Amino acid sequence: MSAISYRRPDEEVRSLPGDLRLNRRWITDGLLAVFMSAMLVLMISLPGEETIPYHFLFLSLTIVYGFRVWPMWPTILVALAVTGATGWVLGDRVVSGVIDNAELAEVPLMPALFVAMVWHARRRAEAQRQVERMADQRRASLEREREFLRDASHAIRTPITIARGHLELAGDAAVVHGVRLHVDVALRQLDRMSALSNRLLALARLDAGEELNRRPTDVAALVAELGRNWTANTDRVWLVGCGPTGQVRIDPDWIELALDAIVENAVHFTTSGDTIRIGCTSAPGLTSITVDDSGPGIDPEDLPFVFDRFWHRRPENGPMGSGLGLPMARAIAEAHGGALTAGTGPSGGASIVLSIPRSR
């Protein structure tokens, strides 16, 4: 990108206060007027040396216009005034015999170069305005999408909670076996919708750039607590263990949410008796948390898509997920400046690694 930036006539650096922008504009124009007036005085007071200040005069005008595009009519008036004043001085010197007639070629040449600069600068300014309009439209569209995700996620949660309450009451009542099967199916789908709503809301918050509440956290202790929570609820074989990781500056709530999604994915793709291993390691500048399982693993053709939103790998026996767990975990890792990768573990199943840089 060019170091010279072209701005609209009414635009200066947006981050500056209004009064300071106005002052900078007037100071720049004032200094240019003083310099051009000085060059014109030198043209008049230095017979035979007119072309040197003449060139400096048009050079200063061209350079300043390149940095800040003026409105059309002031530009035309300034160009005509400068061309008329300098042309009068050069013409008078030709008539007086001080300079040759060939010097009059400068009168149309230098204004023509300035006009060429005006044309290119205004084209660049118009292109810049179009880019800014497109960027504003894109930002507005993204913000509307985020607001929709937030609103939809909140709106979905209330009817899910109400419906789940009624279905749980029906499931506890003395109902025939066929009806209970339908209730169980409905409850599983409500669980899936609840997870979908929660993760949509989390992604909307991350996409909106929500600031993380980073604080020194013992990652090994966080993983141990996660393991205790999961081992109490599933019939898998759990191997949970970490070496010393020390304190890492992370947002533990978000990292726990990401790890829950990764472990849930491992549970979905394993069956009773399969092994799930959760471990963590530390290296200079990096802490990694790994979740391996002994399930069927990830097909190499599916690896490029496992972190795409709403992309599903259908489990052989488990329930269908929301399609947002791993994408949400990756967004959390990236919000921490880290990464989430997928591959094949030591036992042939899936291996998901969440890596977080260790901040000083």
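Residues numbered from 1 in each chain as written. Predicted model: local features only at pLDDT ≥ 70, side-chain atom pairs only at ≥ 80, totals over all residues. Heavy atoms only, no water.

Details of the overall build of the chain
Check the secondary structure of the chain and you find 8 helices and 7 strands. Counting only residues that meet the buried cut, the chain has 36% of its 360 residues in that class. If you take every contact in the chain between residues at least 6 apart in sequence, the share linking residues at least 24 apart comes to 71%. Of the roughly 20200 Å² of accessible surface on the chain, a fraction of 60% belongs to carbon and sulfur atoms. (Helix = DSSP H or I, 4+ residues; strand = E, 2+ residues; numbered from the N terminus. Buried < 20%, exposed > 50% of the residue type's maximum accessible area, 1.4 Å probe, protein only. Contact = heavy atoms within 4.5 Å. Areas by Shrake-Rupley, 256 points an atom, 1.4 Å probe, with all protein chains shown as cover.)

What to know about the packing of aromatic side chains
Following the criterion strictly, the structure yields 2 aromatic pairs and no others. Both rings, one in Trp230 and one in Trp238, keep their centres 6.4 Å apart while their planes meet at 35 degrees; by these two values the pair is tilted. Of the two residues, Trp230 and Trp238, neither departs from the other in class, the shared state being buried. Residue placement shows Arg123 over the ring face of Trp119; its charged tip is 4.8 Å from the ring centre. (Phe/Tyr/Trp six-rings, centres within 6.5 Å; stacked < 30°, edge-to-face > 60°. Lys NZ or Arg CZ within 6 Å of the ring centre and 35° of its normal.)

Quick look at the state of the cysteines
Within the structure shown, the criterion is met by 1 disulfide. Paired by a disulfide, Cys242 and Cys280 hold their sulfur atoms 1.8 Å apart. In this structure the cystine formed by Cys242 and Cys280 twists about its S-S bond by roughly 140 degrees; its chirality is therefore right-handed. Within this pair, whereas Cys242 is found in strand 2 (residues 237–242), its partner Cys280 is found in strand 4 (residues 275–283), the two being separated by 38 residues in sequence. Classification of Cys242 by relative accessible area gives partly exposed; the value is 28%. Residue Cys280 is classed as buried on the basis of its relative accessible area, which comes to 6%. (Disulfide = S-S within 2.5 Å.)

A word on the side chain of Arg93
Within the element layout of this structure, Arg93 appears in helix 3 (residues 72–96). Engagement of the side chain of Arg93 in a polar contact is seen with the side chain of Glu50, the distance being 2.5 Å. What Arg93 contacts, discounting residues up to four positions off in sequence, is Met43, Ile44, Leu46, Pro47, Gly48, Glu50, Val98 and Ile99. (Polar contact = N/O pair within 3.5 Å; in protein donor to acceptor, adjacent residues only side chain to side chain.)

So, the packing of helix 6 (residues 219–231) against helix 7 (residues 252–268)
Viewed as axis vectors pointing N to C, helix 6 and helix 7 meet at an angle of 45 degrees, and their least axial separation amounts to 11 Å. Our classification of the angle between helix 6 and helix 7 gives oblique. Once helix 6 is placed against helix 7, the crossing between them reads as right-handed. Between helix 6 and helix 7, the residues in contact are Leu222, Leu226, Asn229 and Trp230 and Pro252, Ile255, Glu256, Leu259, Asp260, Val263, Glu264 and Val267, respectively. Classifying every residue of the contact of helix 6 with helix 7 gives 8 nonpolar, 1 polar and 3 charged. (Axes fitted to C-alpha atoms, helices over the stretch in contact; angles between N-to-C directions. Parallel < 35°, antiparallel > 145°, perpendicular 65-115°, else oblique. Left-handed = near helix turned anticlockwise from the far one by under 90°. Nonpolar A, V, L, I, M, F, W, Y, C, P; charged D, E, K, R; others polar.)

Some words on the confidence of the model for the chain
Averaged over all residues, the pLDDT of the chain is 78; the fraction at 70 or higher stands at 73%. In the model, residues 1–16 has pLDDT below 50 throughout and makes 37 contacts with residues more than four positions away in sequence or in other chains. (pLDDT = per-residue confidence, 0-100.)

Quick word on the side chain of Ser60
Relative to the assigned elements, Ser60 resides in helix 2 (residues 51–67). When neighbours within four sequence positions are excluded, Ser60 is seen to be in contact with Leu32, Phe35 and Met36.

Some details on a nonpolar patch on the surface
The grouping of Phe35, Ile52, Phe56, Leu59, Ile63 and Phe67 at the surface amounts to a nonpolar patch, some 560 Å² of accessible area in total. At 5 residues, helix 2 tops the list of elements feeding residues into the nonpolar patch. Mapping Phe67 onto the fold places it in helix 2. (Patch = residues over 30% accessible without salt bridge, like charges linked within 9 Å, V, L, I, M, F, W, Y side chains within 5 Å. Salt bridge = Lys/Arg side-chain N within 4 Å of Asp/Glu carboxyl O.)

A short note on the pattern of salt bridges
The tally for this structure, following the rule as stated, stands at 6 salt bridges. The residue Glu126 makes a salt bridge to Arg129 at a minimum N-O spacing of 2.6 Å. Here Glu126 and its partner Arg129 are both found in helix 4 (residues 106–172), 3 residues apart, which amounts to about one turn of the helix. The class of Arg129 is buried, set by a relative accessible area of 19%. Three or more residues joined by partner-sharing salt bridges are found here, namely Glu126, Arg129 and Arg133.

Quick look at the nonpolar core
Residues Ile255, Ile262, Val263, Ile278, Leu340 and Leu354 are the most contacted members of the largest nonpolar core, which totals 41 residues. Put simply, the parts of the chain that give this core at least two residues each are helix 5 (177–207), helix 6, strand 3 (247–250), helix 7, strand 4, strand 5 (286–293), helix 8 (325–335) and strand 7 (350–357). For this core, the leading source of residues is helix 7, giving 9 residues. In this view, Ile278 contacts Val223, Leu226, Trp238, Leu239, Val240, Gly241, Val263, Thr290 and Val291; residues no more than four positions away in its chain are not counted. With 24 residues, the next largest nonpolar core counts Tyr65, Val69, Met110 and Ala125 among its residues. (Core = buried A, V, L, I, M, F, W, Y, C linked by side-chain atoms within 4.5 Å.)

Concerning the pairing of strand 7
Among the 8 residues of strand 7, 7 are classified as buried, and the element is accordingly described as predominantly covered. Bridge count for strand 5 against strand 7 is 7 bridges, and the pairing is antiparallel. Within the sheet, the bridge partner assigned to Val291 lies in strand 7 and is Ile352. Bridge analysis of strand 6 (residues 339–344) against strand 7 gives 6 bridges, and the strand direction is antiparallel. When the sheet's bridge partners are listed, Ala342 is paired in strand 7 with Ile352. Count of turn residues in the strand 6/strand 7 antiparallel hairpin: 5 residues, of which Gly348 carries a positive phi of about 90 degrees. (Pairing = 2+ DSSP bridges.)

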